[in-house]
Amino acid sequence: MLKKHNPIILHRILDTTDKNIENKDLMFEDISLKSFRTIISTANICRSVVEAVSLGSNSDNQPGIILTFDDGNKSDIELALPLIQEANFAATFFIVPEFIGKKTFMSWSDVRSLIHAGMEVGSHSMSHPDFRNLNYNQAYFELLSSKKLIEEKVNTS
């Protein structure tokens, strides 16, 4: 269905000049600001998940990337969004409501700013559990409650 799009799944954009970043804090989905700039500057098209899916495998659409961010890190709004907007691209941000407002994560105001900037926001569960260890009811709660809370906080449905 999305054979003309290459997904890129990220967590944080790291400004490598920040001396507070320790190697033990790094995750494999983290990327340096320099590398992210390279992705943005060399991409033909960067679409959100919904936009790419809606195009399907239409032979007329240009190949591009699908850019997603997980968890709701502060770097999404501070570092990624300005570069995405400057390139006139779109992206999808999957947030964890229980992380919102914590030290290195976005605020609800930041999440609303993403939406006002034309970005997509989706749920990445309520508390980021290991779904392999959840029963059906727990998984259902994680997914449904996070979706409802996000809609409530950003006034969408």
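What this report covers is the structure whose coordinates are included nearby. If you're wondering where the values come from, they're calculated on a predicted model, not measured in any experiment.

In this structure, strand β5 (residues 64–71) lies alongside strand β6 (residues 92–95), joined through four bridges in parallel fashion. Residue pairing across strands places Phe69 opposite Phe93, the latter belonging to β6. Since β5 and β6 lie parallel, the crossover through helix α3 (residues 74–86) that links them has a hand, and here it is right-handed. Inspection of the sheet shows β6 paired to strand β7 (residues 120–123) by four bridges, in the parallel sense. Counterpart to Ile95 in the pairing with β7 is Ser123. Running through helix α4 (residues 108–116), the crossover from β6 to the neighbouring parallel element β7 is right-handed.

This next bit is on the packing of aromatic side chains. Throughout the structure, instances matching the rule amount to four aromatic pairs. Pairing Phe69 with Phe93 gives two aromatic rings, centres 4.8 Å apart and planes at 10°, and the pair type is stacked. A residue pair is termed long-range when its members are at least 10 positions apart, and Phe69 in strand β5 and Phe93 in strand β6 qualify at 24 residues. Taken together, Phe36, Phe69 and Phe93 form an aromatic cluster joined through their ring pairs.

Looking at the secondary structure, you find Ser146 in helix α5 (residues 136–154). Setting aside its immediate chain neighbours within four residues, Ser146 contacts Pro97, Ser123, Ser125, Met126 and Phe141.

Another point: the environment of Leu10. Topologically, Leu10 is positioned in strand β1 (residues 5–10). Residue class for Leu10 comes out buried when judged on its relative accessible area of 5%. The sequence separation of Leu10 and Thr68 amounts to 58 residues, and the corresponding C-alpha distance is 6.1 Å. Excluding its chain neighbours within four sequence positions, the residues that come into contact with Leu10 are Glu29, Ile31, Phe36, Leu67, Thr68, Phe69 and Asp70.

Before going further, it helps to examine the nonpolar core. Among the nonpolar cores identified, the biggest contains 29 residues, and Ile13, Phe36, Leu67, Phe69 and Ile84 are the most heavily contacted of them. Listing elements by their share of this core, those giving two or more residues are α1 (33–42), β5, α3, β6, α4 and α5. Among the elements that line this core, the one with the most residues is α3, at five residues. When neighbours within four sequence positions are excluded, Phe69 is seen to be in contact with Leu10, His11, Ile13, Phe36, Asp76, Ala80, Ile84, Ala91, Thr92, Phe93 and Phe94.

In this section: the pattern of salt bridges. Counting across every chain of the model gives five salt bridges. With a shortest N-O distance of 3.7 Å, Glu51 and Arg47 are connected by a salt bridge. Taking the relative accessible area as the measure of exposure, Glu51 reaches 35% and is therefore partly exposed. Note that Lys147 and Glu151 form a salt bridge whose closest N and O atoms lie 2.4 Å from each other. With Lys147 and Glu151 both in helix α5 and four residues apart, this pair spans about one turn of that helix.

On to the packing of α3 against α4. Two elements in contact, α3 and α4, have axes separated by 9 Å at closest approach and are oriented at 40°. It follows that α3 is oblique to α4 by the angle criterion. Relative to α4, α3 is oriented so that their crossing is left-handed. For the pair α3 and α4, the contacting residues are Lys74, Ile77 and Leu81 in the first and Asp110, Ser113 and Leu114 in the second. Across the contact of α3 with α4, the residue classes break down as three nonpolar, one polar and two charged.

Rules of the game
Residues numbered from 1 in each chain as written. Predicted model: local features only at pLDDT ≥ 70, side-chain atom pairs only at ≥ 80, totals over all residues. Heavy atoms only, no water. Pairing = 2+ DSSP bridges. Helix = DSSP H or I, 4+ residues; strand = E, 2+ residues; numbered from the N terminus. Right-handed = clockwise from strand over helix to strand, strands pointing away. Phe/Tyr/Trp six-rings, centres within 6.5 Å; stacked < 30°, edge-to-face > 60°. Contact = heavy atoms within 4.5 Å. Buried < 20%, exposed > 50% of the residue type's maximum accessible area, 1.4 Å probe, protein only. Core = buried A, V, L, I, M, F, W, Y, C linked by side-chain atoms within 4.5 Å. Salt bridge = Lys/Arg side-chain N within 4 Å of Asp/Glu carboxyl O. Axes fitted to C-alpha atoms, helices over the stretch in contact; angles between N-to-C directions. Parallel < 35°, antiparallel > 145°, perpendicular 65-115°, else oblique. Left-handed = near helix turned anticlockwise from the far one by under 90°. Nonpolar A, V, L, I, M, F, W, Y, C, P; charged D, E, K, R; others polar.

That's the geometry; what it means functionally is another story.
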